Amino acid sequence: MNISNSKLQPVIAIANKSALLGEIILPGDKSISHRALMFGAIASGTTKVKGLLEGEDVLATANAMRQLGARITKTNNIYHIEGVGEKGLSKSQKTIDFGNAGTGVRLCMGLVSAYDFSTKFSGDASLSSRPMGRVLDPLKSIGVEVLEDNGGKLPITIRGAKQLEPINYQVPMASAQVKSAVLLAGLNSKHKTIVIEKIKTRDHTEKMLQGFGAKLSMENGENGAIIIEMEANPKLIAQDITVPGDPSSAAFAIVAATIIPNSDVLIKNTLMNPTRAGLIKTLIEMGANIQILNSHISGGEEIADVRVRYAKLKGVEVPAKRAPSMIDEYPILAVAAAFADGTTKMFGIGEMRVKETDRLALMAKGLKANGVDLVEGKDYLIINGASEIEGGAKIKAHLDHRIAMTFLVLGMVTKNPIEIDDASVIDTSYPSFIADFTDLGASFEVLEQL
Ligand code: S3P
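Just so it is clear, the model here is predicted, and its values are computed rather than measured. (Residues numbered from 1 in each chain as written. Predicted model: local features only at pLDDT ≥ 70, side-chain atom pairs only at ≥ 80, totals over all residues. Heavy atoms only, no water.)

**So, the nonpolar core**
Of all hydrophobic cores here, the largest spans 79 residues; its most connected members are L283 and F433. It is helix α7 (residues 247-259) that contributes the most residues to this core, 9 residues altogether. With residues up to four places along the chain from it excluded, the contact list for L283 reads I254, V255, A288, I290, L313, L333 and A336. The next biggest cluster of nonpolar side chains, apart from the first, holds 71 residues, and it includes A60, F121, L136 and I158. (Core = buried A, V, L, I, M, F, W, Y, C linked by side-chain atoms within 4.5 Å. Buried < 20%, exposed > 50% of the residue type's maximum accessible area, 1.4 Å probe, protein only. Helix = DSSP H or I, 4+ residues; strand = E, 2+ residues; numbered from the N terminus. Contact = heavy atoms within 4.5 Å.)

See the structure below:
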């Protein structure tokens, strides 16, 4: 199936009469793909990346790195990134358009922070509504000048500082993007960079920077805090990277196989980094039948195949401290919770409100419209499960790939089909979603373009 990106592409998920059966080979992890391109772009030598996610977000980052001076080509499915090395990045003559990519734009702001030139960033309607102040605040504190700031929203123009001030920054919210932006700025500082997070968030930046040769230490502070210290001016050397499968994409098949009777799905090559594994942990607590097979370490990351069979779930309480390890997975967890026996309470999920959309509000609204009983709070969601859900409501994706995929999975199990107004947004992170699920036995109807 070929879904066009140029227009709204409505798709209907048709309730599955049969089980999901078979194997999925996941697309590459989005977070690792962005970082592989960025770190390759600034390192000395040619970084080779296998399994890069070819989603729109990541391709936007590839273009951004080209605009800043790196050469990126693809041969035999391997991306070759000729890094700028000691020469450093060069000014982009044009605005850098990051499309829908929050990780791309926020990390890139950090990356150009120590360059004495200006860079203008823009994005699509979704990205332009997301808060950038959380990244600009720490960068301003070390000398970055903000030349254009639309109330902390894109388009934004910044000018890097010739010499960055030292920074010891406690990240106010649980955000790997903010942590990473500060660390990336610090790469070209003359001072040691210290970043403290209250709860550990995904640690791909730290791990990959170490792999490229930076000297970082991560220590446990009080009450679960993590103190990250990075030495100034590391020499980054090109690496060979194989990107593991994205657990945030695996999440859709994991939940679908769990709630569709008689399903049995093997999801190959899934990243199992503990900072990303909150959904699997939660589903196992709910009674899911999930087996972790063939666990191994590759490129410093834990990887495994995940076998999922249908299971009857029970409601649980998901603690707030687990939120960073599954922040992108709450929408699909909410679908699992809708079919569980009893009540599922998800606490401390206010960060969902500043994703590609206000996902907490959109989930609550969309689930309610499809007959799910729930309570939406400022930073929590309580779902009362049921054995059958009506479905039948139309859902607007609002440029949010995970909202589109979540409701397509819900539509596989509701009494009536669910229509998504635009499935082309799925290309942001999981271009083979429709094809993969069709292979497993799901049915979709692609409607005429509007
Ligand atoms: C990401 C961090 C998270 C996550 C996003 C990817 C990253 O965002 O939601 O999809 O790659 O660093 P926040 O840093 O805003 O929590």
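Picking up after the structure, the text goes on.
**Here we look at the sheet that holds strand β22 (residues 394-395)**
Reading across from one edge, β22-β23-β1-β24 is the order of the 4 strands in this open sheet, with mixed pairing throughout. Looking at strand neighbours, the two that pair on one side only are β22 and β24 (443-446), the edges of this open sheet. Pairing geometry for strand β1 (residues 11-14) and β24, over 4 bridges, is antiparallel. Looking at β24, one finds that A13 is bridged to F444. Where helix α11 (residues 401-411) meets the sheet, it contacts β1, β22, β23 (418-420) and β24, and its direction lies at approximately 160° from that of β23. (Pairing = 2+ DSSP bridges. Axes fitted to C-alpha atoms, helices over the stretch in contact; angles between N-to-C directions.)

**Let's talk about the confidence of the model for the chain**
Put simply, the chain has an average pLDDT of 96, and 98% of its residues get 70 or more. The model gives residues 1-6 a pLDDT under 50, and that stretch makes 14 contacts with residues more than four places away or in other chains. (pLDDT = per-residue confidence, 0-100.)

**Observations regarding helix α8 (residues 278-285)**
Of the positions making up α8, those classed as buried are G278, L279, I280, T282 and L283. Residues of α8 that are buried sit in contact with α7, β16 (289-298), β17 (301-309), β18 (317-318) and α9 (330-338). Directly after α8, the chain includes G287, whose backbone phi takes a positive value near 105°.

**Section: the site of the ligand**
Neighbouring the ligand are the residues S31, R35, T103, R106, A174, S175, A176, Q177, R202, I327, D328 and K355. Here an oxygen atom of the ligand and a side-chain polar atom of S175 are 2.7 Å apart. Relative to its unbound accessible area of 380 Å², the ligand is 95% covered by the protein chains. Breaking the shell around the ligand down by element, the ones donating at least two residues are α1 (30-42), α3 (102-111) and α5 (176-186). The residue inventory of the shell around the ligand, partitioned by class, reads 3 nonpolar, 4 polar and 5 charged. Residue contributions to the shell around the ligand reach at least three from each of two domains, namely domain 1 (11-28 + 244-446) and domain 2 (30-242). (Near = heavy atom within 4 Å. Polar contact = N/O pair within 3.5 Å; in protein donor to acceptor, adjacent residues only side chain to side chain. Areas by Shrake-Rupley, 256 points an atom, 1.4 Å probe, with all protein chains shown as cover. Nonpolar A, V, L, I, M, F, W, Y, C, P; charged D, E, K, R; others polar. Domains from an automatic or database assignment.)

**Quick word on the packing of helix α4 (residues 133-141) against α5**
The geometry of α4 relative to α5 is characterised by a closest axis approach of 9 Å and an angle of 30° between their N-to-C directions. It follows from the interaxial angle that α4 and α5 lie roughly parallel. Crossing of α4 over α5 shows right-handed handedness. Between α4 and α5, the residues in contact are R134, V135, P138 and L139 and V178, A181, V182 and A185, respectively. In terms of residue class, the contact of α4 with α5 is made up of 7 nonpolar, no polar and 1 charged. (Parallel < 35°, antiparallel > 145°, perpendicular 65-115°, else oblique. Left-handed = near helix turned anticlockwise from the far one by under 90°.)

**Considerations on the packing of aromatic side chains**
Within the structure shown, the criterion is met by 8 aromatic pairs. Consider the rings of F252 and F433, whose centres lie 6.0 Å apart with planes at 90°: the pair is edge-to-face. Placement of the pair is F252 in helix α7 and F433 in helix α12 (residues 433-440), with a sequence separation of 181 residues. On the basis of relative accessible area, F433 is assigned to the buried category, the value being 0%. Both rings, one in F433 and one in F437, keep their centres 4.7 Å apart while their planes meet at 40°; by these two values the pair is tilted. With F433 and F437 both in helix α12 and 4 residues apart, the pair spans about one turn of that helix. Take F437: its relative accessible area is 0%, and that puts it in the buried class. (Phe/Tyr/Trp six-rings, centres within 6.5 Å; stacked < 30°, edge-to-face > 60°.)

**Considering the pairing of strand β20 (residues 373-376)**
Direction of pairing for β20 relative to strand β21 (residues 380-384): antiparallel, over a ladder of 4 bridges. When the sheet's bridge partners are listed, V375 is paired in β21 with I382. What sits between β20 and β21 in their antiparallel hairpin is a turn of 3 residues.

**Observations regarding the side chain of D203**
Take D203: it is sitting in the loop between β11 (193-197) and α6 (204-212). The class of D203 is buried, set by a relative accessible area of 6%. A polar side-chain atom of D203 sits 2.8 Å from a polar atom in the side chain of N273. Each residue touching D203, except ones within four places of it in the same chain, is listed here: K179, N273 and T275.

**Observations regarding the domain arrangement of the chain**
Under the domain assignment, the chain is made up of domain 1 (11-28 + 244-446) and domain 2 (30-242). Computed from C-alpha coordinates alone, the two centres of domain 1 and domain 2 are separated by 29 Å. Every contact between the two is made by 25 residues of domain 1 and, on the other side, 27 residues of domain 2. Across the interface of domain 1 and domain 2, roughly 2,200 Å² is buried in total on both sides, 50% from carbon and sulfur atoms. For the pair domain 1 and domain 2, the interface holds 4 salt bridges. One salt bridge in this structure joins E356 and R130, with 3.8 Å as the shortest N-O distance. On the surface where domain 1 and domain 2 come into contact, there are 15 residue pairs in polar contact (both at pLDDT 80 or more). Looking at side-chain class alone, the side of domain 1 that touches domain 2 contains 8 nonpolar, 7 polar and 10 charged residues. (Buried area = accessible area lost by both parts, 1.4 Å probe. Salt bridge = Lys/Arg side-chain N within 4 Å of Asp/Glu carboxyl O.)

**Observations concerning the side chain of S249**
Its place among the elements puts S249 in helix α7. Its relative accessible area of 1% is what places S249 among the buried residues. S249 has contacts with L26, P27, S429 and Y430, leaving out every residue within four places of it along the chain.

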